[in-house]
Amino acid sequence: MNIYNHIYITGDTHGDFSDLVRDSARKGITENDLLIILGDAGLNYDNGEYDIQARKELSVVSADVLCIRGNHERRPNSPDIRWKYEMKSWMGGNVFVQSAYPRILFAPDGSRYSLNGREFL
């Protein structure tokens, strides 16, 4: 299991990751860190160009990004978008991920994870 140097938590980005990208560079966030977006990340909104552009913008951040579904986005296991994701084991639980964006992870509802030796979510 990975141990993250730092775990950052935010929410309600609604697909605008400009502050996260700027702050991640300023704070020196690395691939050894984790960013958790607690709802309304804005990545499963329209299933089209908007989502693709949002993922490209967020993928500039070096950290793993765990997205918790909010009320303004669809679940990755929704029938209309489930085919875009694969489920993989991660930190004692499961996440949905797309091969094109392997560091952007989506938590199924009700998931629990072991992060740095402690259970979360």
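Up top you'll find the structure we're talking about.
These lines cover the structure that appears in this document, whether it is placed above or below. (Residues numbered from 1 in each chain as written. Predicted model: local features only at pLDDT ≥ 70, side-chain atom pairs only at ≥ 80, totals over all residues. Heavy atoms only, no water.)

### Looking at the overall build of the protein chain
Our working definition: Per the convention used, a helix needs a DSSP run of H or I reaching at least four residues, while a strand needs a run of E reaching at least two, with both numbered from the N terminus. We compute the radius of gyration from the C-alpha atoms alone; for a globule the expected value is 2.2 Å times N to the 0.38, where N is the number of residues. Type-normalised accessible area, obtained with a 1.4 Å probe on protein chains alone, sets the label of each residue: buried when under 20%, exposed when over 50%, and partly exposed for intermediate values. The contact criterion used is simple: two residues touch if any of their non-hydrogen atoms lie within 4.5 Å. Every accessible area reported is derived by Shrake-Rupley at a probe size of 1.4 Å, with residue values counting cover from the shown protein chains alone. Charged residues are defined here as Lys and Arg on the positive side and Asp and Glu on the negative side; His and the ends of the chain fall outside this count. Charge coordinates come from a single atom per side chain, which is NZ of Lys, CZ of Arg, CG of Asp or CD of Glu.
Counting its secondary structure elements, the protein chain contains two helices and eight strands. Relative to the globule expectation of 14 Å for 121 residues, the C-alpha radius of gyration of the protein chain, 13 Å, shows essentially globular dimensions. The principal-axis extent of the C-alpha atoms belonging to the protein chain is close to 35 × 30 × 25 Å. In the protein chain, which comprises 121 residues, the proportion classed as buried is 41%. Here the contacts in the protein chain between residues at least 6 apart in sequence split such that 68% fall between residues at least 24 apart. In the structure as shown, the protein chain presents an accessible area of about 6700 Å², 49% of it carried by carbon and sulfur atoms. Of the side chains in the protein chain, 14 bear a positive and 17 a negative charge, and the two mean positions are spaced by 4 Å.

### Section: the pattern of salt bridges
Our working definition: Whenever a carboxyl oxygen of Asp or Glu lies within 4 Å of a side-chain nitrogen of Lys or Arg, that contact is scored as a salt bridge.
The full count for this structure, using the stated rule, is eight salt bridges. Residue D80 is joined to R74 by a salt bridge in which the shortest nitrogen-to-oxygen separation is 3.2 Å. Residue class for D80 comes out partly exposed when judged on its relative accessible area of 39%. Residues D109 and R75 are paired through a salt bridge, measuring 2.5 Å at the closest nitrogen-oxygen approach.

### Regarding the pairing of strand β6 (residues 101–107)
Basically, it comes down to this: A strand pair is defined by DSSP finding two or more bridges across the two strands.
With five of its seven residues buried, β6 lies for the most part within the structure. Of the strand pairs in this sheet, strand β5 (residues 93–98) and β6 are connected by three bridges, and their pairing is antiparallel. The partner of Q98 across the bridge, within β6, is Y101.

### Here's the deal with the pairing of strand β3 (residues 64–68)
Counting buried residues along β3, four of its five residues qualify, which places the element largely inside the surrounding structure. In this structure, strand β2 (residues 34–38) lies alongside β3, joined through five bridges in parallel fashion. Bridge pairing in β3 links L38 to I68. In this sheet, β6 lies alongside β3 in parallel orientation, the contact comprising four bridges. Residue V65 lies in a different strand from β6, and its bridge partner there is I104.

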